Each structure stands twice: as C-alpha cells, then as structure tokens.
Amino acid sequence: MAIKEYAKEMIASNQVFRDIAEQKETLWINDKYLPFEMVDGVCQLVVNDEDIADAERRLQKFAPYIRKCFPETVPDGGLIESPLKDIPEMKKALEETYDAEIPGRLLLKMDSHLAIAGSVKARGGIYEVLKHAEDLALQEGMITEDDNYERFADDDMKEFFGRYTVQVGSTGNLGLSIGIMSAFLGFKVKVHMSADARQWKKDMLRSKGVEVIEYDDDYSAAVLEGRRQSDLDPSSYFVDDEYSVPLFLGYAVAARRLLGQFDEKGITVDEDHPLIVYIPCGVGGAPGGVCYGLKRLFGDNVHVFFCEPTLFPSVLLGMASDRHNEVNVSDFGLTGMSAADGLACASPSGFVTRIDRNLLSGDFTVRDAILFDYMRMLKATEDVFIEPSSCAAFIAPVNIMKYDAGKAYLEKHGLDAEKLAASTQICWATGGRLVPDEIWDKYMNTYL
Ligand SMILES: *Cc1c(COP(=O)(O)O)cnc(C)c1O
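Nothing here was measured: the structure is a model prediction, and the numbers come from that model. (Residues numbered from 1 in each chain as written. Predicted model: local features only at pLDDT ≥ 70, side-chain atom pairs only at ≥ 80, totals over all residues. Heavy atoms only, no water.)

Visitor: Explain the overall build of the protein chain here, please?
Guide: Per the secondary structure count, the protein chain includes 19 helices and eleven strands. Taking 448 residues into account, the globule formula puts the C-alpha radius of gyration at 22 Å, and the protein chain, at 21 Å, falls close to it. Overall, the C-alpha framework of the protein chain stretches about 60 × 50 × 45 Å when taken along its three principal axes. The buried share of the protein chain, taken over its 448 residues, is 62%. Partitioning the intrachain contacts of the protein chain with sequence separation of at least 6 by distance along the chain shows that 76% fall at a separation of at least 24. Distance from the positive charge centre (47 side chains) to the negative charge centre (73 side chains) of the protein chain: 2 Å. (Helix = DSSP H or I, 4+ residues; strand = E, 2+ residues; numbered from the N terminus. Rg over C-alpha atoms; globule rule 2.2 N^0.38 Å. Buried < 20%, exposed > 50% of the residue type's maximum accessible area, 1.4 Å probe, protein only. Contact = heavy atoms within 4.5 Å. Lys, Arg positive; Asp, Glu negative; His and termini not counted. Charge placed at Lys NZ, Arg CZ, Asp CG, Glu CD.)

Visitor: Before we go on, may I ask you to explain the pattern of salt bridges in this structure?
Guide: Think of it this way: side chains of opposite charge can pair up when their charged atoms draw near. Evaluation of the coordinates by the stated rule reveals 39 salt bridges. Between aspartate 111 and arginine 123 there is a salt bridge, with its nearest N and O atoms 2.7 Å apart. Separated by twelve residues along the polypeptide, aspartate 111 in the loop between strand S3 (105-110) and helix H6 (121-139) and arginine 123 in helix H6 bring together distant segments of the chain. No difference in accessibility class separates aspartate 111 from arginine 123, as the two residues are buried. Note that aspartate 322 is salt-bridged to arginine 357, the shortest N-O span being 2.8 Å. Of this pair, aspartate 322 sits in the loop between helix H13 (314-320) and helix H14 (350-355) while arginine 357 sits in the loop between H14 and strand S10 (362-366); the two residues are 35 residues apart in sequence, bridging distant segments of the chain. We classify aspartate 322 as partly exposed; its relative accessible area is 32%. You can call arginine 357 buried: its relative accessible area is 5%. (Salt bridge = Lys/Arg side-chain N within 4 Å of Asp/Glu carboxyl O.)

Visitor: I'm lost on empty space enclosed by the protein in this one. Help?
Guide: Leftover empty space is mapped by rolling, across the atoms, a probe with the size of a water molecule. Under the counting rule described, the total for this entry stands at four cavities of 30 Å³ or more. Its volume calculated, the largest cavity comes out at about 240 Å³. Taken together, 27 residues form the lining of the largest cavity, with Val120, Lys121, Gly282, Gly342 and Leu343 sitting closest to its centre. When contributions to the lining of the largest cavity are tallied by element, the ones reaching two or more residues are helix H8 (173-185) and helix H12 (285-298). At three residues, H12 tops the list of elements feeding residues into the lining of the largest cavity. Partitioning the lining of the largest cavity into residue classes produces eleven nonpolar, 13 polar and three charged. Of the voids in this model, the second largest cavity is the one considered here, and its volume is about 100 Å³. Considering the residues around the second largest cavity, the lining is formed by 14 residues, among which Leu59, Ile80, Ala122, Arg123 and Arg257 are closest to the centre. Put simply, the parts of the chain that give the lining of the second largest cavity at least two residues each are helix H4 (49-69), H6 and helix H11 (245-265). The biggest single contributor to the lining of the second largest cavity is H6, with five residues. (1 Å grid on protein atoms, 1.4 Å probe; cavity = no way out; pocket = protein on both sides within 12 Å on 5 of 7 lines; lining within 4 Å. Points joined across faces, edges and corners; volume = space filled by probe spheres on them. Nonpolar A, V, L, I, M, F, W, Y, C, P; charged D, E, K, R; others polar.)

Visitor: Hey, could you run me through the packing of helix H15 (residues 368-382) against helix H19 (residues 437-444) in this one?
Guide: If you want to describe how two helices pack, look at the angle between their axes and the distance between the axes. At a closest axis distance of 9 Å, the pairing of H15 and H19 adopts a crossing angle of 115 degrees. With respect to their mutual orientation, H15 and H19 come out roughly perpendicular. Contacts between H15 and H19 involve Phe372, Met375, Arg376 and Lys379 from the former and Trp440, Tyr443 and Met444 from the latter. Tallied by class, residues from the contact of H15 with H19 come to five nonpolar, no polar and two charged. (Axes fitted to C-alpha atoms, helices over the stretch in contact; angles between N-to-C directions. Parallel < 35°, antiparallel > 145°, perpendicular 65-115°, else oblique.)

Everything listed here is a matter of geometry and, on its own, says nothing about what the molecule does.
Rendered as structure tokens:
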C-alpha cells in the first residue's frame, strides 16, 4: 500500500510516526494538550454539563424498565454500572515481568462486565437506543414524560417499535449492545459487521433475532454501507459511531458514576492526588466520551491516555495530523487484521478527534501479541477475565515512564515522584463478559 504524501512528511519529521509506519509500539504525546480552563468554554458549546446531566437523568428514568427486563441490574437499581477493582497482584506481576515501576494505586474499571452487553458499549449504545425509543414513543403519543418507564416493557410498546428499524455498523461489541437492546424493545435490527468481527458475536446476535450483514471489508466500509441503507428507509434509525452525540453522552456519564466509587474506596483526586486513566480505543467514541466526562469533572487533575493497536492507531493519526476523520491507517502503509477486534478501526470519529483534541494527554500503541499475555496475567493474578482488546490499557502503566516523551509529560505537568506515589491509575477494561467459554479457552491458548 502506497504511503500518502502527508504521511511521508509526518514520518520524515517525527520518530513517533516512523515507529507507527514500522508497526512499532510507541507513545504519542498530544502536542495540542491545553489546561482545561482554556478549552472549557469552546467544549461547552458542543457538549455541556447540562447535556451530560440530562443523559444521566434519562438513564435514571429508564432504570425501572431495565431492572424489570434485566434482573442482573437489580443490585444497581436498574442502572448499568460496573465495579472499580483494586488489582495489586496484577500490578506486582506487571512490574516484575516487564521490569516496570508503577507508582500509586492501580485499579481496573470493569466495564468488561457491564450488564446486558458485556462491554463499554453498554453505556453509549444502550443509552442511544433508549433515547431513540423515548423520542419515538413521545412523538407518537405512546407515552408521556410523566409515565413510569416500566411501560416500555408492555406488549403494545413492542408492537409499536416493531414498525421501526435500528441499524448500526460494528466490529462486534457495538452491534451486540445496540442489537440486544433494540431487539428487546421490539425494533427490527440490522447490524453491519466488518471483516474483523468475531463469529460468536454474529451468532449471538442472530440468536436474538437480529439481522447480521457481513462485509469482507473494514469497519469504515461497514458503517458507510449501513448508513446508506438506513438513509433509504424513513422508518430506520442509524446509530452512527463516527458522529453520534447521544452515544458520546452515554459514555460521558461514566465519569459522574465514578465519584461514588471513589468515595467508597477513599480515593481523592486533586492537585496532589492525580488521576491517570488509560482506555483502549477503536473509533474513539467510547474512550472519547469517557475522557470528556472525566475532564469536565476533574479538569487538570486527570490525565487520560488512549491505547490503540499498532495496526490501527486511527485516533492518534486523526489528531496528530489534524485531518480528523480524513485519515486511514493505510495512509501510513498499515494494513492487516488485528486480534484486538474491538479496536480495529481504520479511520477515527471526526467528532471525537475534534472535541478531545486539547483534552487527551496522549496515545499508546500496543502489539497484538502482548494483549494475550496481559490477559493470562490478569486471570492468574486477579481471577478476572477480559477480552484481548480490553487488555490494551495495561501497556500504558507499564511503559509510560520508559518513554522519554512520557517522562517529559509527567515532568511538565508537575507529576513528580511524590505525586505519582499518591496517584490513582485506572486501566479501563472495555469488554469480555459475554465471551463464550470455548472462545475464552482459545484466547487463553493463543500465543502470537
Ligand atoms: C468498542 C470497544 C472499544 C473502543 O471503543 P471505540 O468507541 O471504538 O473507540 C474498546 N474495547 C472494546 C472491547 C470495545 O468493544
């Protein structure tokens, strides 16, 4: 694949882009990172605190419905929320195995185990489907604002939604989340799956009555075709991972929910107790929304890094080139399949690369092979299983201080040894709970 001119220039001028073109692991520090107060005003023009609070209220309103339909959510009162877990044994194993020093407290945010969809997509995906269902039901007089939303489980509601279609393009997990929730409400559902998508995810969706359309092409192509087909049908709604604001809001709510968990665990976040968060990244929607929510809450006291496969650093390239969605990893000569199927997005969300352009601290790339090692290590040390894509986050605490650029970032932002020792580092686990046992065995025995 020929390398594009703009990419050649970037490669010639900067080691990070040489590393990327050579499929080496690297760390890109965001050249346009800014103090939060300088960005706050502009960001609020696009997504403000009230938008996020509104999403939070809507999820609360739907809680009686969710609780009724998905008994697994009863302990959280019908909210779809995940544990925050200390992982001291994993931390020790990472330090010993990779000769790393990981200061402070290391935790795992277990969105891998979220109810219904078993991945971070249960946040944005389910939120967007619920909002769409509410919009239709209000518009057609099926409900009023004051109704108890348990009503959404009624048979006439299901019949009503059966007149409408929901479509989405997906590498797998977004399809699961949109597919499961939409089918449950009664919608007709079409999921457009890229070539990277796992067979078991397609099978699971079909078993729930979802129409799965397979493409022998990448994620962007599946989205393009899905969007085109949906646009032709007035009764169809397309969940657009590359542009969707509702998806983004569903993810952003995660930050506020963390506050209670920090309280329980005695975690303080302030200037002397920084929070550092690492999130696996595909098209950017999920990590982008979580990052945005975190920055709005904690400002300069939180530092967010994304983690992408060496073959698919699409958000990194979209931001670093300032070409946003107008990049494709193939512009840098990167082609091929990734074992990190949840992160295999060749072009990023232009919405996220723009709104988080001054908020993201940086982006790590990670080789497929090591994801399986991290996965086995987490299982052995903490008895937690998360899927390979989800393990991308561990590269960051292991490597941040091994890169000169990482050390320079920490120094520049006053994160000295003392502050790091008082810091909280969170690896965001993004998927895994729905992986069938036989696939899980296969993953455990995969050595790349
Ligand atoms: C979707 C997904 C991500 C990243 O989300 P994007 O919105 O694509 O950036 C990370 N991990 C897993 C397991 C996912 O399914």
